[in-house]
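Below are the chains, spelled out letter by letter.
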Amino acid sequence: MDRTKDEDQLQALAQVVARFTHTPLRRSIGENIRLLLERPDGLYCFRLHKDRVYYMSEALMRHALSFPRHALISVGTCFGKFTKSGKFHLHVTALEFLAPYAQHKIWLKASMEQQFLYGHHVLKSGLARVTENTAKYQGVVVYNMKDVPLGFGAAAKSTAECRHADPTAIVAFHQA
């Protein structure tokens, strides 16, 4: 069977979106991806446009289809982008949507908030709380003590290792 160029592009797009939803999102929110797509206010979807992944309602997606792809700058909320090497990096713009569904969370003391926002890793001395059963290198959402999400990170140590760590040890890596 001869395949058209459009069918090949659609299959490649499906593989890219599958890779996106199964790695960074799965690390951050686990099986709650379904809740992100099937919201009470309608159905939502992810779309790839110029190496960036956008999150939008299906109604907005249908409106965007009336414009040529080269004329669109962006549509929806940018969740992140694929690097030239094919890795996916979450953007902080996805924080508002991912924070309610996060399975693993880290809370910072007030003294550590500013440092985290400037891009520093989280030290044990700045850690206030961490959810139970957080595995090493697990994706986490970082909160302040008032439950305001600050950004994304990856746990450098498991919950058990954090309890016995040195105060100057890094317990979470800054990501976004």
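Residues numbered from 1 in each chain as written. Predicted model: local features only at pLDDT ≥ 70, side-chain atom pairs only at ≥ 80, totals over all residues. Heavy atoms only, no water.

Condition: UniProt positions are given in the numbering used here, feature names are shortened, and annotations may be inferred rather than shown by experiment.
With an unreviewed UniProt entry as reference, the chain is termed 60S ribosome subunit biogenesis protein NIP7 homolog, source organism Amphibalanus amphitrite. Regarding the chain, the relevant UniProt record gives this comment under Subcellular location (unreviewed entry): "Nucleus, Nucleolus". Regarding the chain, the relevant UniProt record gives this comment under Subunit (unreviewed entry): "Interacts with pre-ribosome complex."

**Topic: the pattern of salt bridges**
Rule in force here: Salt bridge, as applied in this entry: a Lys or Arg side-chain nitrogen positioned within 4 Å of an Asp or Glu carboxyl oxygen. The cut-offs for exposure are 20% and 50% of the maximum accessible area for each residue type, with area from a 1.4 Å probe on protein chains only; residues under the lower value are buried, those over the upper are exposed, and the others partly exposed.
A complete count under the given rule lists two salt bridges for this structure. Of the charged contacts in the structure, one is a salt bridge between Arg39 and Asp41, with a shortest N-O distance of 3.0 Å. The exposure class of Arg39 is partly exposed, given its relative accessible area of 21%.

**Some words on the sheet that holds strand S11 (residues 170–174)**
Going by this rule: When DSSP locates at least two bridges between a pair of strands, those strands are taken to pair. By definition, any uninterrupted DSSP run of H or I lasting at least four residues is a helix, any uninterrupted run of E lasting at least two residues is a strand, and each is numbered from the N terminus. By definition, residues are in contact when any of their heavy atoms lie within 4.5 Å. Lines fitted to the C-alpha atoms define the axes, with helices restricted to the stretch that makes contact. Angles between their N-to-C directions range from 0 to 180 degrees.
Reading across from one edge, S7-S11-S10-S9-S6-S8 is the order of the six strands in this open sheet, with mixed pairing throughout. The open sheet terminates on both sides in strands that have one partner only, identified here as strand S7 (122–123) and strand S8 (127–130). Bridge count between strand S6 (residues 105–108) and S8: three bridges; the pairing is antiparallel. Pairing of Trp107 across the sheet is with Arg129, part of S8. The strands that helix H6 (residues 110–117) touches are S6, S7, strand S9 (139–143), strand S10 (149–155) and S11; relative to S10, the one it contacts most, it runs at about 80°.

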